[in-house]
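Here is what each chain is made of, one letter per residue.
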Amino acid sequence: MSTITTGQIRIIKTFHGKMEKETAKMMVRGFTGMRTEHVSDMTFAEATSMIIDLKKNDPNEKSAELMRRKLIALAYKRAGLSSRANAAQKKAVVVWLDEWCKKYGCIKKSFNNYTYKELPQLVSQFEIVMDKLVVEI
């Protein structure tokens, strides 16, 4: 049984900051089978399930997902992928995009860890990079 990561704790606590304290504790109890009410005592799998559920119910997450998809589409364009590219090629581009975000992104963190408020800046930054790339070619 692997333990929760610090990144997962940060994500869950961010969502919990938007809700009442007792509601957050009850939610943790529900995802841990009443084992604990503390986020730090959760397992990796429990935390993953909870994050998926929290994101699904967040109204900003739909907009954030649209921005993520736009970035992925731009990355596909940069890589020259056609609409008939296979899954391995698409995955390689997403892995490249994740590494690019960690190295050059405005906040230097993993692609999926960018929040709704941070994504517009990342999209703008990537669009500038794409424009420079096109101009240089």
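You'll find the structure just up there.
About the cut-offs
- Residues numbered from 1 in each chain as written.
- Predicted model: local features only at pLDDT ≥ 70, side-chain atom pairs only at ≥ 80, totals over all residues.
- Heavy atoms only, no water.
- Helix = DSSP H or I, 4+ residues; strand = E, 2+ residues; numbered from the N terminus.
- Buried < 20%, exposed > 50% of the residue type's maximum accessible area, 1.4 Å probe, protein only.
- Contact = heavy atoms within 4.5 Å.
- Areas by Shrake-Rupley, 256 points an atom, 1.4 Å probe, with all protein chains shown as cover.
- Lys, Arg positive; Asp, Glu negative; His and termini not counted.
- Charge placed at Lys NZ, Arg CZ, Asp CG, Glu CD.
- Salt bridge = Lys/Arg side-chain N within 4 Å of Asp/Glu carboxyl O.
- Core = buried A, V, L, I, M, F, W, Y, C linked by side-chain atoms within 4.5 Å.
- Expected span 1.5 Å × (residues − 1).

## Focus on the overall build of the protein
- Of regular secondary structure, the protein possesses six helices and zero strands.
- Starting at the N terminus and walking to the C terminus, you meet the elements of the protein as α-α-α-α-α-α.
- When its C-alpha atoms are laid out on the principal axes, the protein stretches across 60 × 30 × 25 Å.
- Considering the protein as a whole, with its 137 residues, one finds that 31% of them fall into the buried category.
- For the protein, long-range pairs separated by at least 24 residues make up 50% of all intrachain contacts whose partners lie at least 6 apart in sequence.
- Per element, the accessible surface of the protein, about 9100 Å² overall, is 57% carbon and sulfur.
- The centroid of the 24 positive side-chain charges in the protein is displaced by 4 Å from the centroid of its 15 negative side-chain charges.

## Examining the pattern of salt bridges
- If you walk through the whole model with that rule in mind, you get eleven salt bridges.
- A salt bridge links Glu 65 to Arg 69, with the nearest nitrogen and oxygen atoms 3.7 Å apart. Of the two residues, Glu 65 and Arg 69 both sit in helix α4 (residues 59-79), four residues apart, roughly one turn of that helix.
- As a salt-bridge pair, Glu 127 and Lys 70 come within 2.9 Å of each other at their nearest N and O atoms. Residue Glu 127 is located in helix α6 (residues 119-136), and its partner Lys 70 is located in helix α4; the two are separated by 57 residues in the primary sequence.
- A single network of salt bridges, built from pairs that share partners, joins Glu 61, Glu 65, Arg 68 and Arg 69.

## Quick look at the nonpolar core
- By size, the foremost hydrophobic cluster in this structure holds 16 residues, and its most contacted members are Leu 71, Leu 97, Cys 101, Leu 119, Leu 122 and Phe 126.
- Taken together, the elements giving at least two residues each to this core come down to α4, α5 (87-104) and α6.
- Contact partners of Leu 97, with chain neighbours within four places excluded, come to Leu 71, Ile 72, Ala 75, Phe 111 and Phe 126.
- Formed by eleven residues, the second largest nonpolar core is a distinct cluster that contains Ile 4, Met 27, Val 28 and Ile 51.

## Here's the deal with the side chain of Glu 46
- With respect to the helices and strands, Glu 46 occurs in helix α3 (residues 44-56).
- Look at Glu 46 and you get buried, because its relative accessible area is 15%.
- Among all residues touching Glu 46, those that are not within four sequence positions of it are Phe 31, Thr 32 and Arg 35.

## Structural notes on α3
- The terminal C-alpha atoms of α3, which comprises 13 residues, lie 18 Å apart, in line with the 18 Å expected from a rise of 1.5 Å per residue.
- The secondary structure elements touched by the buried residues of α3 are α1 (6-16) and α2 (21-31).

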